[in-house]
Amino acid sequence: MPAVQETIDRVRSIDVDQYKYGFVTEIESDKAPKGLNEDVIRFISEKKGEPEWMLEWRLEAYRRWLTMTEPTWARVSYPKIEFNELYYYSAPKNTPGPKSLDEVDPELLETYEKLGIPLREQEILAGVAPENRVAVDAVFDSVSVVTTFKEELKKAGVIFCSISEALREYPDLVRKYLGSVVPVSDNFYATLNSAVFSDGSFVYVPEGVRCPMELSTYFRINEQNTGQFERTLIIADKGAYVSYLEGCTAPQRDENQLHAAVVELIAHDDAEIKYSTVQNWYPGDKNGKGGIYNFVTKRGDCRGKNSKISWTQVETGSAITWKYPSCILRGDNSRGEFYSIAVSNGHQQIDSGTKMIHLGKNTSSRIISKGISAGKSENTYRGLVSAHRKATNARNFTQCDSLLIGQDCGAHTVPYMESKNSTAVFEHEATTSKISDDQMFYCQQRGLSEEEAVALIVNGFVKDVIQQLPMEFAVEAQKLISISLEGSVG
Amino acid sequence: MLEIKNLHAHVGDDETEILRGVNLTVKPGEVHAIMGPNGSGKSTLSYILAGKDDYEVTEGDILFNGESMLEMEPDERAAAGLFLAFQYPIEIPGVATMTFLKTALNAQRKARGEGELSTPEFMKKVKEKAAELNITMDMLKRPLNVGFSGGEKKRSEILQMSLLEPKLCIMDETDSGLDIDALKIVADGVNRLRSPDRAMVVITHYQRLLDHIVPDVVHVLSRGRIVKTGGKELALELEKNGYADYVGQAA
């Protein structure tokens, strides 16, 4: 693995807290008052210049949310969140829709620079071939700041913009699909998100179009005490294809930050959506203090026949992760995939997995989950595979592997299976292993240091999933995994 | 090159001494064979030389090129030029053999302050050495030692040895699990590595490996001590008469 050496160098350069992205950018913010009530929701909606129906939609969600209680079934524990102590909207100032990078606050660009995220402008200047470019819709706190490549995408007929912009420019499209996969009342956090979502991405790929480039959004939580409520909506019309990359880092801070995003994917007949995530939010310091709470609802709807949705995720950050990217296999012959690497170290708690709901005939799904626990962390895979009465010939293959590093961590696997159709075939395989002393000794005898040996063995363990990631993400993911596990041996 | 002085050692919490005063000196260019019955401490000696955790030296010293190795980590010993060919090579799932070879070679080069080898340079080197050992490119793409036959595992060990070009090669029962054709390939591989500035310690039960890798010196290890040292003819004598004559002496 060529990344290994680089990984080691990087690991060494990291400080005690192992988190190099812990800095706060000082940019003035335009904030809603603290707490949550109907006025705050009106403020958000007005700030964004939304149509009336959207405000109603939000208010309905809010009223619904007031009647709901936080779910407690996940294997995570954290102090009670005071929802009225949070700010629900914050937008960087000086950004009334910049036309180019020149109009962007230089300090913001510097932040991206530190994170190693060039906005790909250099690529254009350097004359990089268009097919190699990545379109980036940068989300800084809550408002999309820069959107590149829009013109090029437009030529292909692809809409890629912030959801706020989509609400203004394509209200009918948004209205048709928003909440159609994750209904307003779906769950506590999704309902909260529906009420207060600040921004996010919107993608529409029209019939028969293969999106000419990978679409990418980098998220970053910045404003202190600001809940982040991203809303993403991706639609692939008949025969369309799109690959979407999401990557995140957040600055270091003491207070826990709440993140409750909702992602909805819709694939029509013969369409395919590939959604990849590398998540590296602040996991808390070495005593488990601070860190992001990540309560996310991600769901894809294979609405049309022969459609396909594939989730790939590499999770290394967050203090608490509560996340189950799922597929509803509604169309006949549709296919859902879930490939996951969840790394926990320190005091991190992960309760993550997927749901594959087989509704149509001849639907198939595949789940490959690799959990790596180190330090004092707890790592749970929770998955549901179900076949509806009409899901003739539904097929699922699930493989859940856990790797333990050290003595104080835990790995748990909680698979649920429900079949109401006798022709369904579900397979489940699970393993739990430890990095053995013999493997370590063998690698060290060949000249690898302890850290290098762990990185190599872990990279071998997660290989099946890494292969599913787009190339540039794969390298980043390998680095991230090694960084996350730094100090877990010896 | 290698000097073992009055080495006493035990394994883990068990205080029973496995090595009870081993003395051995190996000079550059020499090939030494260490023979002995089961349980005589042969494998323990190889693990202690390589620095395995849990193998504790209670007395004596191991000098490598005049310097004590006892405080060195296994990877430091490797970078200094010590290589152990394992009796039972370990499986590393998901890591292609080729990847492992490159990672190991570059880790050692880096530890010695040399630059990493470029991919074309590396590939050229691997292809050449692999061909000598009848190792196909296909095998190098498979995860290291996973599902390898006994012969493939041992050939892979020798491939690693020839790529890493160590100063001191220790081979622990490299002949076990090999049929006669595989034994020949492995022995030829080892013999190609013989050179005036490289030393080898061959640990084995049987004479047959020594027909192919002809040693300069043969030692008999019994109950944690070297009880007899001689030339290559000692191995033949052992083959004929067994270890019975020596087992008593060590008591």
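Analysis parameters
Residues numbered from 1 in each chain as written. Chains lettered and ligands numbered in written order. Predicted model: local features only at pLDDT ≥ 70, side-chain atom pairs only at ≥ 80, totals over all residues. Heavy atoms only, no water. UniProt positions renumbered as here; feature names shortened; annotations may be inferred. Buried < 20%, exposed > 50% of the residue type's maximum accessible area, 1.4 Å probe, protein only. Helix = DSSP H or I, 4+ residues; strand = E, 2+ residues; numbered from the N terminus. Arc of directions from axis to C-beta. Contact = heavy atoms within 4.5 Å. Polar contact = N/O pair within 3.5 Å; in protein donor to acceptor, adjacent residues only side chain to side chain. Phe/Tyr/Trp six-rings, centres within 6.5 Å; stacked < 30°, edge-to-face > 60°. 1 Å grid on protein atoms, 1.4 Å probe; cavity = no way out; pocket = protein on both sides within 12 Å on 5 of 7 lines; lining within 4 Å. Points joined across faces, edges and corners; volume = space filled by probe spheres on them. Nonpolar A, V, L, I, M, F, W, Y, C, P; charged D, E, K, R; others polar. pLDDT = per-residue confidence, 0-100. Axes fitted to C-alpha atoms, helices over the stretch in contact; angles between N-to-C directions. Parallel < 35°, antiparallel > 145°, perpendicular 65-115°, else oblique. Left-handed = near helix turned anticlockwise from the far one by under 90°. Pairing = 2+ DSSP bridges.

Labelled according to an unreviewed UniProt entry, chain B appears under the name Fe-S cluster assembly ATPase SufC, originating from Stappia sediminis.

Going by what an unreviewed UniProt entry lists, chain A is known as Fe-S cluster assembly protein SufB and is assigned to Stappia sediminis. Entered under Sequence similarities (unreviewed entry) in the UniProt record, the comment concerning chain A runs "Belongs to the iron-sulfur cluster assembly SufBD family."

K.L.:
Before we go on, may I ask you to explain helix α2 (residues 38-47) of chain A in this structure?
P.N.:
Because each turn of an α-helix spans 3.6 residues, side chains separated by three or four positions end up pointing in the same direction. All names here are of chain A. By the burial criterion, the buried members of α2 are Val40, Ile41, Ile44 and Ser45. What you see down the axis of α2 is that its buried residues fit within an arc of 135°, all on one side. Exposed and facing more than 90 degrees away from the buried side of α2 are Asp39 and Glu46. In this structure, the buried side of α2 is in contact with α3 (52-66) and α9 (188-196). Its side-chain oxygen placed 2.9 Å from the backbone nitrogen of Asp39, Asn37 serves as the N-cap of α2.

K.L.:
Sorry if this is basic, but what is going on with the packing of aromatic side chains here?
P.N.:
Two aromatic rings, taken as a pair, are described by how far apart their centres are and by the angle between their planes. Residues and elements named next belong to chain A. The tally for this structure, following the rule as stated, stands at 24 aromatic pairs over all chains. With centroids separated by 5.1 Å and ring planes inclined at 90°, the aromatic side chains of Phe188 and Tyr189 adopt a geometry described as edge-to-face. According to the relative accessible area criterion, Phe188 is buried, its value standing at 7%. Relative to Tyr275, the ring of Tyr244 has its centre 5.1 Å away and its plane inclined at 25°; by these criteria the two rings are stacked. Placement of Tyr244 in strand β9 (residues 241-249) and of Tyr275 in strand β12 (residues 272-280) is noted, with a sequence separation of 31 residues between them. Taking relative accessible area as the criterion, Tyr244 reaches 0% and is therefore assigned buried. You can call Tyr275 buried: its relative accessible area is 0%.

K.L.:
Honestly, empty space enclosed by the protein in this entry has me stumped. Any pointers?
P.N.:
Any space left empty among the atoms is revealed by the rolling of a water-sized probe across them. All names here are of chain A. By the definition in use, this model includes six cavities of 30 Å³ or more. Its boundaries defined by the atoms lining it, the largest cavity holds a volume of some 110 Å³. Residue lining of the largest cavity: 16 residues in total, with Ser369, Gly371, Asn379, Thr380 and Tyr381 positioned closest to the centre. Looking at the lining of the largest cavity residue by residue, the classes come out as five nonpolar, ten polar and one charged.

K.L.:
How should the confidence of the model for chain A be read in this particular structure?
P.N.:
Detailed reading of the predicted coordinates is not advisable wherever pLDDT is low. Residue and element names in this part refer to chain A. The predicted model of chain A averages 80 in pLDDT, with 76% of residues at 70 or higher. Note that pLDDT drops below 50 for residues 94-99; the model gives that stretch seven contacts with residues more than four away or on any other chain. Between residues 117-133, whose pLDDT stays under 50, and residues either more than four places distant or in other chains, the model counts 26 contacts.

K.L.:
Looking at this structure, how should I read the packing of α2 of chain A against α3 of chain A?
P.N.:
Residue and element names in this part refer to chain A. Where α2 meets α3, the axes come as close as 10 Å, and the angle between the chain directions of the two elements is 150°. Relative to α3, the element α2 lies roughly antiparallel. α3 is crossed by α2, and the crossing has right-handed handedness. Note on element contacts: α3 touches α2 through Leu55, Arg58, Leu59, Tyr62 and Arg63, opposite Glu38, Ile41, Arg42, Ile44 and Ser45. Partitioned by chemical class, the residues of the contact of α2 with α3 number five nonpolar, one polar and four charged.

K.L.:
Please clarify how unusual backbone geometry should be interpreted in this entry.
P.N.:
At Asn362 of chain A, a position not held by glycine, the phi torsion is positive, near 55°. With respect to the helices, strands and loops of the structure, Asn362 of chain A is situated in the loop between β18 (349-358) and β19 (364-373). The phi dihedral of Arg223 of chain B falls on the positive side, at around 45°, and the residue is not glycine. Along the polypeptide, Arg223 of chain B turns up in the loop between β9 (217-222) and β10 (225-230).

K.L.:
I tried to follow the sheet that holds strand β6 (residues 82-85) of chain B on my own but got confused; where do I start?
P.N.:
Residue and element names in this part refer to chain B. The mixed open sheet is built from six strands, whose spatial order is β6-β7-β8-β3-β9-β10. Each edge of the sheet is formed by a strand with only one pairing partner; in this case those strands are β6 and β10. On average, adjacent strands in this sheet sit at an angle of 20° to one another, irrespective of strand direction. For strand β3 (residues 31-35) and strand β8 (residues 199-204), the ladder comprises five bridges, and the chain directions are parallel. By the bridge assignment, Val31 is partnered in β8 with Met200.

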